[in-house]
Structure formats: structure tokens, C-alpha cells
Amino acid sequence: MEMENAAEVMDQATAEISQAVEHLSRLDQYLDELLPKLLNFGIQVLLALLTFFIGQRIIRLIRKLIRRSLERGGADLGVIQFLDSVMKALLYMILILAIVSKFGVDTTSVIALAGSAGLTLGLALQGSLSNFAGGVLILVLRPFRVGDYIIQDSLEGTVSEIQMFYTHLLTLDNRMVVIPNGSLANNSLVNVTAQDKRQMDLDVGISYKSDLRAAKVLLEKLMDQEERVMEEESRMVVVAELAESSVVLKIRFWVRPSDYWPVRWDMMEQIKLTFDENGIEIPYNQLDVTIRQ
């Protein structure tokens, strides 16, 4: 009995060893078949990355050449920026399709899928499409250009860039404001620098006790002394209003748009200093109480 049991154990061990050897041989065969596939896939990935980096450089070169040709042709800077952003998106799309085709993917099916997906996304992202259309309208109608100072509602600044979907403004304190093109194309805005000159109105109140004629002469001298005031344009100092506690004088003259704020700030300071030196009182809200016996 002991010999029979030993033989059975030996047979069972032999069967298990044979089965393990068979599994190892299958694993070895699987690895032999898998390694070339992994190596081939790795080579394809490296080629795809290399193609992408080379394509990036080619895209930059193409964009640079197009920008130079547009600049030589005298195209507006906003048109150049807008076309550059559109060209960048199209070239990267072509590059991605070229890389995908290297992995055996049918580009026709990819384009069809992208078209159907684009239609779905277009319905979901109608705002982006309206921004793109707004950008086209801005370039065609030209309500403003790069470098213009515009105001829309509470937002204002110098147009620094017109992209495919958004326009960038730089404020006076160097903050970047991003406004959708659709909003700029479909709403009213003020282009401050569209003209080569800008009218400035300053209202200054003087006391009823002050010499009105002397105050007007002083204001006219300040306008004559300010070199940035345009001499060929009209200028005036008039009484605009007889208010409750002051006589309001209006000063009107013309300056270049780029000089508007510096001239305004300097003139306000000079008016205050000149009036103080000449005894012209600028009143403030006060209450006089008269007691009668």
C-alpha cells in the first residue's frame, strides 16, 4: 500500500511539473510574440512624437511667413492676429490627422466623426460660434483696430490683440481684459481714439464773491501756456451755470487722444494752484446761517 501511495504521489507531482512546464512554454511563446509588437508600438509612438515636434516647427515657420507677407501687404494688425489664430488651429488639426493616420486609423472615418461631433458641439457651443462670427464682423466692419482705446459698458482699455474668439484689452493700470468678440460685435461701444483729436471740457466752480473776469483771463492764459492744446482748433471759456453755491465756468479745447488724460490731470492741478495764487475761491458745499434780531 505504501508503494502504491508513493507511486500515485510521484505521478501527481510529475503531472503538475509537466503542466507548469507547459504553462512556462506558453508564457515564453506569448512573450516572444508580444515583445516585437511592443517594440513596434514604441517605435511608432517615438515617430509620432518626432513628427509632432517637427510639425510644430513647420507650423511656426508657416505662420511666420504668412504674418510677414501680410505685414508687407499692409494688412491691419487685427486682421493678421485673427488669421494667424485661425491658421494655427487648422494646421494643428492637419498635423494631428497626419499623426493618427500613422497608427492605421482611417482618416476618412475620423473626419466624418469629427464632422458629426463638430455639429453636436456647435449646437452646444453656440456662444463660441457667435464669438467667431463676431470676430469676422470686427475685421470686416472695423469698428476698432489694434491700438485703439475703446469703452464698452464698464470695460475699457487699449486693444492689444484680436483673436479668433476673444479680444484682449489692456487697461491704464496694465490689467488684461478679455471680451468675447460676439459681445463687441452685437453691442454699442465707444472708440475713443478713432479720430485724430478729442474735445476736452472742464467745469470749474468759483465763488460768487470772486472776480469772474479775472478768473476767465487766468483760465485763458492756462490754455495758452499748455503746449499740448491744439492751437488750430477753437477754444473757449464761458459761464456754463449759475449754481446754488458757485458760478460754473466751462473750459473747452481740443487735444490729441493720447494726450487727453495727462492734459486733463495737469490742467486741473494748474487751475487749483493758479486760483489760490490769485485769490479766486473754489467753493465747497457749506451752509450760511443768518440770525436776525
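Everything below is about the structure shown above.
Residues numbered from 1 in each chain as written. Predicted model: local features only at pLDDT ≥ 70, side-chain atom pairs only at ≥ 80, totals over all residues. Heavy atoms only, no water.

Draft legend 1. Representation of the overall build of the protein chain in the model. In terms of regular secondary structure, the protein chain is built from seven helices and eight strands. A buried classification covers 25% of the 293 residues belonging to the protein chain. In the protein chain, the proportion of contacts linking residues at least 24 apart, taken out of those at least 6 apart, comes to 63%. (Helix = DSSP H or I, 4+ residues; strand = E, 2+ residues; numbered from the N terminus. Buried < 20%, exposed > 50% of the residue type's maximum accessible area, 1.4 Å probe, protein only. Contact = heavy atoms within 4.5 Å.)

Draft legend 2. Spatial organisation of the pattern of salt bridges. Within this structure, the stated rule accounts for 10 salt bridges. Asp203 is paired through a salt bridge with Lys250; the nearest N and O atoms lie 2.9 Å apart. Note that Asp203 is positioned in strand E6 (residues 198-206) and Lys250 in strand E8 (residues 247-255), a separation of 47 residues in sequence. For Glu226, the salt bridge identified is with Arg228, shortest N-O distance 2.7 Å. When salt bridges with common partners are traced through the structure, they connect Arg63, Arg67 and Asp84 into a single cluster. (Salt bridge = Lys/Arg side-chain N within 4 Å of Asp/Glu carboxyl O.)

Draft legend 3. The environment of Phe253, seen in detail. With respect to the helices and strands, the residue Phe253 is situated in strand E8. Between the C-alpha atom of Phe253 and that of Glu233, which follows or precedes it by 20 residues, the distance is 7.3 Å.

Draft legend 4. Inspection of the sheet that holds strand E3 (residues 166-170) at higher detail. Pairing is antiparallel across the open sheet formed by five strands, whose spatial order is E4-E3-E2-E1-E5. Where the open sheet ends on each side, the last strands, each with one partner, are strand E4 (176-180) and strand E5 (190-191). Bridge analysis of strand E2 (residues 155-162) against E3 gives four bridges, and the strand direction is antiparallel. If you follow Thr158 over to E3, its bridge partner there is Leu170. (Pairing = 2+ DSSP bridges.)

Draft legend 5. Highlighting the packing of aromatic side chains. The tally for this structure, following the rule as stated, stands at five aromatic pairs. Of the aromatic side chains, those joined through ring pairs into one cluster are Phe52, Phe53 and Tyr92. Here the basic side chain of Arg198 rests over the ring of Tyr260, its NZ or CZ set 3.6 Å away from the ring centre. (Phe/Tyr/Trp six-rings, centres within 6.5 Å; stacked < 30°, edge-to-face > 60°. Lys NZ or Arg CZ within 6 Å of the ring centre and 35° of its normal.)

Draft legend 6. Structural view of a nonpolar patch on the surface. A surface patch of nonpolar side chains, amounting to about 800 Å² of accessible area, comprises Phe132, Val136, Leu137, Val140, Leu141, Phe165, Tyr166, Met176 and Val178. When contributions to the nonpolar patch are tallied by element, the ones reaching two or more residues are helix H4 (126-141) and E4. Ranked by residues supplied to the nonpolar patch, first place goes to H4 with five residues. Note on Val136: relative accessible area 33%, which makes it partly exposed. (Patch = residues over 30% accessible without salt bridge, like charges linked within 9 Å, V, L, I, M, F, W, Y side chains within 5 Å. Areas by Shrake-Rupley, 256 points an atom, 1.4 Å probe, with all protein chains shown as cover.)

Draft legend 7. Structural view of unusual backbone geometry. The phi dihedral of Asp153 falls on the positive side, at around 55°, and the residue is not glycine. Mapping Asp153 onto the fold places it in the loop between strand E1 (149-152) and E2. According to the relative accessible area criterion, Asp153 is exposed, its value standing at 73%. Located in the positive-phi region is Asn174, a residue other than glycine, with phi close to 65°. Tracing the chain through its elements places Asn174 in the loop between E3 and E4.

Draft legend 8. Looking closely at the pairing of E4. Only one face of E4 is buried, namely the one carrying Val177 and Ile179, since none of Met176, Val178 and Pro180 on the opposite face is buried. Where E3 lies against E4, five bridges are found, and the strand directions are antiparallel. Bridge pairing in E4 places Leu169 opposite Val177. Counting the residues in the hairpin turn of E3 and E4 gives five residues, including Asn174, whose phi is positive at 65°.

Draft legend 9. Expanded view of helix H6 (residues 212-225). Taking 1.5 Å of rise per residue, 14 residues should cover 20 Å, and H6 covers 20 Å from first to last C-alpha, within 8% of that figure. Along H6, the residues classified as buried are Ala215, Leu218, Leu219, Leu222 and Met223. With its buried residues spanning 140° around the axis, H6 presents them on a single face. Every exposed residue of H6 that faces more than 90 degrees away from the buried side is listed here: Arg213, Asp224 and Gln225. (Expected span 1.5 Å × (residues − 1). Arc of directions from axis to C-beta.)

Draft legend 10. Just the nonpolar core, in detail. Among the nonpolar cores identified, the biggest contains 22 residues, and Leu219, Ile251, Phe253, Ile271 and Phe275 are the most heavily contacted of them. Contributing elements (two or more residues each) for this core: E6, H6, E8 and helix H7 (260-277). Counting 12 residues, the second largest nonpolar core, distinct from the first, contains Val159, Ile162, Leu169 and Ile179. (Core = buried A, V, L, I, M, F, W, Y, C linked by side-chain atoms within 4.5 Å.)

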